[in-house]
Amino acid sequence: NAGVMQNPRHLVRRRGQEARLRCSPMKGHSHVYWYRQLPEEGLKFMVYLQKENIIDESGMPKERFSAEFPKEGPSILRIQQVVRGDSAAYFCASSPGRVEAFFGQGTRLTVV
Amino acid sequence: KNEVEQSPQNLTAQEGEFITINCSYSVGISALHWLQQHPGGGIVSLFMLSSGKKKHGRLIATINIQEKHSSLHITASHPRDSAVYICAVRMNRDDKIIFGKGTRLHILP
């Protein structure tokens with residue numbers, strides 16, 4: 001059973017481009033969480049999804065950011081029209097429910 | 001005040017020393033995680049606790065639910081233990097996970 005897989009590990013985008021970050025949860029896990037870690041700061045919750053549903057997106061910026069977790073395939077965190085302030089490490093975690101969460105290795109986004 | 005507080009923020013110790021990192025929280029929780037983040041960024045889940053004590057190799061984690069406090073201990077510390085150690089709690093009220101700011105540990109050879 002592979003762990004939580006995130007790709008790409010590193011992503012470079014120019015200002016104004018779109019960034020798509022993927023998270024494949026562990027097999028059998030239907031809960032996905034996305035977190036952001038800004039440089040020199042702690043991890044912050046962004047969004048909590050179950051298959052085909054956004055449960056809690058209270059940590060998501062109101063504009064340009066969206067997330068989905070379709071019935072088939074990975075969860076996607078999408079950032080439109082990226083700006084320099086979006087440069088951060090983005091982590092996802094998955095769990096089968098209200099139990100232990102397993103973390104991915106993260107995607108480091110750099111906006112140039 | 002943060003809902004999850006860790007201490008110390010930074011810790012430098014000599015190889016072989018016994019290390020303790022503390023985590024206090026102020027909310028009702030269903031579980032507490034200890035995570036390790038190495039330079040380069042990947043996060044490894046070390047422990048998930050809801051009560052008592054767990055041990056894995058040289059690592060020991062304890063939690064006192066009444067006192068809302070957990071400790072992570074490292075015995076016979078080694079330079080490869082150098083990393084940021086993060087305490088995270090899953091809150092009862094909404095199932096979200098919130099994080100402490102981390103403890104940066106540096107073990108000198």
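Structure first, text after, so check above.
As the structure is a prediction and not an experimental result, all values here were calculated from the model.

What counts, and at which threshold
- Residues numbered from 1 in each chain as written.
- Chains lettered and ligands numbered in written order.
- Predicted model: local features only at pLDDT ≥ 70, side-chain atom pairs only at ≥ 80, totals over all residues.
- Heavy atoms only, no water.
- Contact = heavy atoms within 4.5 Å.
- Buried area = accessible area lost by both parts, 1.4 Å probe.
- Salt bridge = Lys/Arg side-chain N within 4 Å of Asp/Glu carboxyl O.
- Polar contact = N/O pair within 3.5 Å; in protein donor to acceptor, adjacent residues only side chain to side chain.
- Helix = DSSP H or I, 4+ residues; strand = E, 2+ residues; numbered from the N terminus.
- 1 Å grid on protein atoms, 1.4 Å probe; cavity = no way out; pocket = protein on both sides within 12 Å on 5 of 7 lines; lining within 4 Å.
- Points joined across faces, edges and corners; volume = space filled by probe spheres on them.
- Nonpolar A, V, L, I, M, F, W, Y, C, P; charged D, E, K, R; others polar.
- Core = buried A, V, L, I, M, F, W, Y, C linked by side-chain atoms within 4.5 Å.
- Buried < 20%, exposed > 50% of the residue type's maximum accessible area, 1.4 Å probe, protein only.

Peer 1: Outline the interface of chain B and chain A, listing residues and values.
Peer 2: At the interface, 19 residues of chain B touch 20 residues of chain A. When the buried surface of chain B facing chain A is broken down by residue, B:Ile43, B:Lys96 and B:Phe99 rank first, second and third, together holding 31% of it. Here chain B is connected to chain A by zero salt bridges. The tally of links between chain B and chain A comes to two residue pairs in polar contact (both at pLDDT 80 or more). If you list the elements that add at least two residues to the side of chain B that touches chain A, you get β4 (29–37), β5 (43–49), β9 (83–91) and β10 (97–99) of chain B.

Peer 1: Requested: an account of empty space enclosed by the protein, with residues and values cited.
Peer 2: Summed over the entire model, instances satisfying the criterion amount to one cavity of 30 Å³ or more. Residue lining of the largest cavity: A:Arg9, A:His10, A:Ala89, A:Phe91, A:Gln105, A:Gly106, A:Thr107, A:Arg108, B:Gly40, B:Gly41 and B:Gly42, and that is the complete set. Counting only elements with at least two residues in the lining of the largest cavity, the list comes to β9 (88–95) and β11 (107–111) of chain A. A class-by-class count of the residues in the lining of the largest cavity yields two nonpolar, seven polar and two charged.

Peer 1: Describe in detail the side chain of B:Ser82, supporting the description with residues and values.
Peer 2: Residues and elements named next belong to chain B. Its location among the elements puts Ser82 in the loop between β8 (69–74) and β9. Of the polar contacts made by the side chain of Ser82, one reaches the backbone oxygen of Pro79; its length is 2.9 Å. A polar contact is formed between the side chain of Ser82 and the backbone nitrogen of Ile107, at a distance of 2.9 Å. Ser82 has contacts with His38, Pro39, Leu105, His106 and Ile107, leaving out every residue within four places of it along the chain.

Peer 1: Which residues make up the layout of surface pockets, and what values go with them?
Peer 2: Quantified by volume, the largest pocket comes out at close to 640 Å³. In this structure, the largest pocket is lined by 31 residues; those nearest its centre are A:Gln37, A:Glu40, B:Gln37, B:Val84 and B:Arg104. Among the elements of the structure, β9 and β11 of chain A together with β9 and β11 (103–108) of chain B are those that each provide at least two residues to the lining of the largest pocket. Considering the residues around the second largest pocket, the lining is formed by 21 residues, among which A:Leu43, A:Lys44, A:Phe45, B:Ile98 and B:Phe99 are closest to the centre. Elements supplying a minimum of two residues to the lining of the second largest pocket: β4 (31–37) and β5 (43–50) of chain A together with β10 of chain B. The element that contributes the greatest number of residues to the lining of the second largest pocket is β5(A), accounting for four residues. Counted by class, the lining of the second largest pocket contains eight nonpolar, five polar and eight charged residues.

Peer 1: Please set out the nonpolar core residue by residue, giving values where relevant.
Peer 2: Counting residues in each nonpolar core, the largest one holds 25 residues, and the members touching the most others are B:Leu32, B:Trp34 and B:Val89. Elements with a contribution of two residues or more to this core: β3 (19–25), β4, β5, β7 (59–64), β8, β9 and β11 of chain B. Apart from the residues within four sequence positions on either side, B:Val89 is in contact with B:Val4, B:Tyr25, B:Val27, B:Ile29, B:Ala31, B:Leu32, B:Lys96, B:Ile97 and B:Ile98. With 23 residues, the next largest nonpolar core counts A:Cys23, A:Met46, A:Phe65 and A:Leu109 among its residues.

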